[in-house]
Amino acid sequence: MRAVDLINKKREGLPMTDDEIRFLVSGFVDGSVPDYQMSAWMMAVCLRGMTHHEIAALTNAMACSGAMVDLSDLSGIKVDKHSTGGVGDTTTLVSAPIAAACGVTVAKMSGRGLGHTGGTLDKLEAIPGVNIERSVDEMIEIVKKTGLCVIGQSSGLDPADKLMYALRDVTGTVKSIPLIASSIMSKKIAAGADAIVLDVKTGSGAFMETLERARELAATMVNIGEKLGRRTVALITDMNCPLGRAVGNGLEVADAVYVLRGEVKRGDPLRDVCVLISAYMLMLGGAAKNIGEAKNAAERAIASGAALNKLREMVEALGGNGSFIDEPEKLTRVKRIYELKSRAAGHVRSINALDIGVASAMLGAGRAKKSDKIDPAVGIVLKKRVGEYVGANELLALMYVNDDTSLEESSALALKAFEIGEKPTFVPPMVYETVTAENAACDLESACAPIL
Ligand code: URA
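Conventions we followed
- Residues numbered from 1 in each chain as written.
- Predicted model: local features only at pLDDT ≥ 70, side-chain atom pairs only at ≥ 80, totals over all residues.
- Heavy atoms only, no water.
- Helix = DSSP H or I, 4+ residues; strand = E, 2+ residues; numbered from the N terminus.
- Rg over C-alpha atoms; globule rule 2.2 N^0.38 Å.
- Buried < 20%, exposed > 50% of the residue type's maximum accessible area, 1.4 Å probe, protein only.
- Contact = heavy atoms within 4.5 Å.
- Areas by Shrake-Rupley, 256 points an atom, 1.4 Å probe, with all protein chains shown as cover.
- Lys, Arg positive; Asp, Glu negative; His and termini not counted.
- Charge placed at Lys NZ, Arg CZ, Asp CG, Glu CD.
- Axes fitted to C-alpha atoms, helices over the stretch in contact; angles between N-to-C directions.
- Parallel < 35°, antiparallel > 145°, perpendicular 65-115°, else oblique.
- Nonpolar A, V, L, I, M, F, W, Y, C, P; charged D, E, K, R; others polar.
- Polar contact = N/O pair within 3.5 Å; in protein donor to acceptor, adjacent residues only side chain to side chain.
- Pairing = 2+ DSSP bridges.
- Near = heavy atom within 4 Å.
- Arc of directions from axis to C-beta.
- Expected span 1.5 Å × (residues − 1).

Caption draft 1: Focus on the overall build of the chain. Looking only at helices and strands, the chain has 18 helices and 15 strands in total. Against the compact-globule benchmark of 22 Å for 452 residues, the chain has a radius of gyration of 22 Å, which places it among compact chains. Reported as C-alpha extents along the three principal axes, the dimensions of the chain are approximately 65 × 45 × 40 Å. Across the 452 residues in the chain, those meeting the buried criterion constitute 57%. Relative to all contacts within the chain whose residues are 6 or more apart in sequence, the contacts with residues 24 or more apart total 79%. Carbon and sulfur atoms make up 51% of the accessible area of the chain, which totals about 18000 Å². The average position of the 51 basic charges and that of the 56 acidic charges among the side chains of the chain differ by 2 Å.

Caption draft 2: Just the packing of helix 5 (residues 91-101) against helix 14 (residues 306-317), in detail. Between helix 5 and helix 14, the shortest axis-to-axis distance is 8 Å and the interhelical angle comes to 110°. Of the possible angle classes, the one that applies to helix 5 and helix 14 is roughly perpendicular. Facing Leu-93, Pro-97, Ile-98, Ala-100 and Ala-101 of helix 5, the residues of helix 14 in contact are Ala-306, Ala-307, Lys-310 and Leu-311. Looking at the contact of helix 5 with helix 14, its residues break down into eight nonpolar, no polar and one charged.

Caption draft 3: Focus on the side chain of Asn-249. One can find Asn-249 in helix 11 (residues 249-260). Judged by relative accessible area, Asn-249 falls into the buried class, the value being 4%. Polar contacts involving the side chain of Asn-249 include one to the main-chain carbonyl oxygen of Ala-365, which spans 3.0 Å. Sequence-distant contacts of Asn-249, defined by excluding residues within four places in its chain, comprise Gly-119, Asp-122, Lys-123, Ala-126, Ala-365, Ile-374, Pro-376 and Val-378.

Caption draft 4: Focus on the sheet that holds strand 11 (residues 389-390). The three strands lie next to each other as 11-9-13, forming an open sheet whose pairing is antiparallel. Two strands close off the open sheet at either side, each with one partner strand: strand 11 and strand 13 (418-421). Of the strand pairs in this sheet, strand 9 (residues 346-351) and strand 13 are connected by four bridges, and their pairing is antiparallel. Counterpart to Ile-351 in the pairing with strand 13 is Phe-418. Along the sheet, helix 17 (residues 407-417) makes contact with strand 9 and strand 13, crossing strand 13 at roughly 45°.

Caption draft 5: Structural view of the site of the ligand. Taken together, the residues surrounding the ligand are Tyr-165, Arg-168, Ile-180, Ser-183, Ile-184, Lys-187 and Phe-207. Note that an oxygen atom of the ligand is positioned 2.9 Å from one of the side-chain N or O atoms of Arg-168. Mapped onto the shell around the ligand, the elements with two or more residues apiece are helix 8 (159-171) and helix 9 (177-190). Among the elements that line the shell around the ligand, the one with the most residues is helix 9, at four residues. Its residues assigned to classes, the shell around the ligand comprises four nonpolar, one polar and two charged.

Caption draft 6: Helix 1 (residues 3-11), seen in detail. When helix 1 is considered as a whole, its buried residues turn out to be Ala-3, Leu-6, Ile-7 and Lys-10. Angularly, the buried residues of helix 1 cover 105° about the axis, an arc narrow enough to put them on a single face. Of the surrounding secondary structure, the elements contacted by the buried residues of helix 1 are helix 2 (18-30), helix 3 (35-48), strand 1 (50-51) and helix 4 (52-63). Where helix 1 terminates, the next one or two residues include Gly-13, which has phi positive at roughly 80°.

Caption draft 7: Quick look at helix 4. A rise of 1.5 Å per residue sets the reference length of helix 4, with its twelve residues, at 16 Å; its end C-alpha atoms lie 16 Å apart and thus fit the reference within 8%. Where burial is concerned, most of helix 4 is hidden: ten out of the twelve residues are buried. Along helix 4, the residues that are buried comprise His-52, Glu-54, Ile-55, Ala-56, Ala-57, Leu-58, Thr-59, Ala-61, Met-62 and Ala-63.

Caption draft 8: Broad picture of the environment of Met-281. Checked against the element boundaries, Met-281 lands in helix 12 (residues 269-284). In this structure the C-alpha to C-alpha distance between Met-281 and Val-197, which are 84 residues apart in sequence, comes to 6.3 Å. Ignoring sequence-local partners within four residues, the contact set of Met-281 consists of Val-79, Lys-81, Ser-95, Ala-96, Ala-99, Val-104, Val-106 and Val-197.

Here it is as structure tokens:
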């Protein structure tokens, strides 16, 4: 087999065999396929698309390119969740403890934030003492004790994705649904899950800006899961506005604790999305028969304090100080809290998630590049949500600041994020659609559209 023939084949839009896809992926990882040939092939994928069968074969080849986590020592169905990334998106810290409190086994590897989006690892590390750099064996031991553990991704996992993603970043091949779907799902499959709940974000602060693209990504990932024997459900949720009120690492841990303490009412976007995600985790994990039963169980886990206890148990098992779960305000002590006030009176028509994410990152809550250090205490807490009325000079948000250097630029951006208008606005739904094996099934051999 020759890589150049496979590039030609994809350029002509012809479907590739599993062996051909495996040849390219394993050759790229072992160095026998050079990066210029992998780049050319990925560009051909961008322009020509792939069938669902090819995407599943690509995912499998990537997942098998390195170590595969074996969770068979743990009893029960192991359920993972993944969010495609957003602002104020603290769903793992709420839904994973709820699912574990309801008896679902959750052994999960998470990522860090980059750019305007947050990452679960940075949030966990905001809690003093927490060490997320654990071996798979340590993760399994913690799950045996608590039913729940979230750690950083092991370095030997899915090397193909690491190499391909680095190449995509510099060759204009990031925005291809077959490549995005196989990148996300190969990491989930290598991490050992039996079942996966996906939260695909759409809107101005998301990777998938339109509902149509989010729907296509969701269906593609659900199809991959089903083809590779993992039950998979995807929710498509809104990321035009930040999901939670808090944006910033310690602030988001506090937000998660408030939801788990039962202090946040139904109708709150973060609470509602988390309850739905955990309900699907319960269904896939065999802990509930239908969505109504699953939601009730999730609500009971909040009301009884069982889910909050799970979070505290996990934090302590990771070496963290559990008292920060009881008093999360200790995580957000800063030199100064700046009050962001509205210049005009009116209705909040939108809050741009991207702008709020970038404004928070400017204060030190996020990274512009991987090596940047983050400040766990800083960030932004929204005091008004979309649909609410604000008076002139009334508070829109609180900005938690340790270093004033970027405050002027950050506060100007945060103010610009709020669109205030005379007329009230329609508040968009937080959950647009649920994509399951049944409604995503379509024709598994059909072509996944090219990006152009
Ligand atoms: N997240 C991933 O893990 N991979 C992509 O390609 C895009 C988002």
